[in-house]
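# Inside the fold
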Amino acid sequence: MGKTDVASMDLAELQVFFDTLGEPKFRAKQLFEWLHQKQVDTFAKMTNLPQKLREKLEEEATIGGVQMVEKLVSRVDGTRKYLFALENGSVIESVLMQYDYGNTVCVSTQAGCRMGCQFCASTLDGVERSLTAGEMLAQVYTIQKDLGQRISGVVLMGSGEPLDNYDAVLRFIRLLNDANGQNMGQRHMTLSTCGLIAQIYRLAKEQLQITLAVSLHAPNDEIRRQIMPVARANPMEELLQACVDYAAQTKRRITYEYAMMHGINDSDDCARELAKRLRHTLCHVNLIPMNPVKERAYTKSSDQRVQRFAHLLQQDGVETTIRRRLGSDIDAACGQLRRRYMQK
């Protein structure tokens, strides 16, 4: 049998685990605080645990961490991109984005992605495996230690489809939110999905206070199916209804992400059609100037076209912003650094 992944366990589960080891339950809280408050990555550093217990934990348990392989720092805006290795040799990316209001980490939930979006580098080689909650947490904790400053927010927008790794992602959110650990408010967390309808309904029942971001990227099924294979099994009408129902249940506004692609989805007609679908719903549109991926044929829309698109949406009553591009000089878009490393 493999070792127990204690970094992915909540306090109640750790208490059960310590009971099986013949140890008192209060040791579980000590371990939890070492992992999620002090964020140590070896049992040897847990100095208030008896030496024999630390040796037992070395034999019976593991802390599923990440190992930094490479770090790039943008000279333009200070954005940091990290390449991390997992225990099985897979590599993932994480990005630190610094804003006036705090530090946010973009977390990967899978090594690679199987959703197949035609404009994204993460999907080029498919998915290797899903990450554990501990491996997702390790991205945040490692970057926090490297930066020397508190991480105040996370976006689940790195490699992978978070709702394709549902249980581990939910565990990650709850562990990050735990008052005995990092104690990060759920309203500082954003989960981005390409639109898995059944999982959106499931997520609504969790009654989380996170922000749900849906990668829409098109005003209709015809365009969406060309660029996002997932749209074939998740029609737009049903997806948008799921989002309306999600907002009604959680009282949380939906963010629709829309990567602007020249000649594909950026026309005035596209803007008007999108506005017609979204007006009178609790939502916000985030227009994304697309980062070019050399293996993909799509090119980004001009700044003027993005501005015009935003104007048409706003004119029709749809709240819209244009995402500021970060890390443009370090390939900060999902999957680019990982792919370059894998091709070496």
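Look above for the structure.
Here we summarise the structure given alongside this text. (Residues numbered from 1 in each chain as written. Predicted model: local features only at pLDDT ≥ 70, side-chain atom pairs only at ≥ 80, totals over all residues. Heavy atoms only, no water.)

## Section: a negative patch on the surface
On the surface, a cluster of negative charge is contributed by Glu 55, Glu 58, Glu 59 and Glu 60. Structurally, Glu 60 can be placed in helix H3 (residues 51-60). (Patch = residues over 30% accessible without salt bridge, like charges linked within 9 Å, V, L, I, M, F, W, Y side chains within 5 Å. Areas by Shrake-Rupley, 256 points an atom, 1.4 Å probe, with all protein chains shown as cover. Salt bridge = Lys/Arg side-chain N within 4 Å of Asp/Glu carboxyl O. Lys, Arg positive; Asp, Glu negative; His and termini not counted. Charge placed at Lys NZ, Arg CZ, Asp CG, Glu CD. Helix = DSSP H or I, 4+ residues; strand = E, 2+ residues; numbered from the N terminus.)

## Some thoughts on the sheet that holds strand S10 (residues 189-193)
Read from one edge of the open sheet, ten strands run S3-S4-S5-S6-S9-S10-S11-S12-S13-S14, paired in mixed fashion. Whereas interior strands pair on both sides, the edge strands pair on one side only; in this sheet they are strand S3 (67-73) and strand S14 (320-322). Neighbour to neighbour, the strand axes of the sheet diverge by 20° on average, direction disregarded. Of the pairings in the sheet, the one linking strand S13 (residues 283-289) to S14 comprises three bridges and is parallel in character. Across the sheet, residue Asn 286 finds its bridge partner in S14, namely Thr 321. (Pairing = 2+ DSSP bridges. Axes fitted to C-alpha atoms, helices over the stretch in contact; angles between N-to-C directions.)

## Digging into the pattern of salt bridges
Within the structure shown, the criterion is met by 18 salt bridges. Linking Arg 174 and Glu 206 is a salt bridge whose minimum nitrogen-to-oxygen distance equals 2.8 Å. One end of the pair, Arg 174, is in helix H5 (residues 166-177); the other, Glu 206, is in the loop between helix H6 (197-204) and strand S11 (211-215), with 32 residues separating them in the sequence. With a closest N to O distance of 3.2 Å, Arg 323 and Glu 257 form a salt bridge. Of this pair, Arg 323 sits in the loop between S14 and helix H11 (336-342) while Glu 257 sits in strand S12 (residues 254-260), and the two are 66 residues apart along the sequence. Classification of Glu 257 as buried rests on a relative accessible area of 4%. Several salt bridges share partner residues, and in doing so they unite Lys 71, Arg 80 and Asp 146 into one network. (Buried < 20%, exposed > 50% of the residue type's maximum accessible area, 1.4 Å probe, protein only.)

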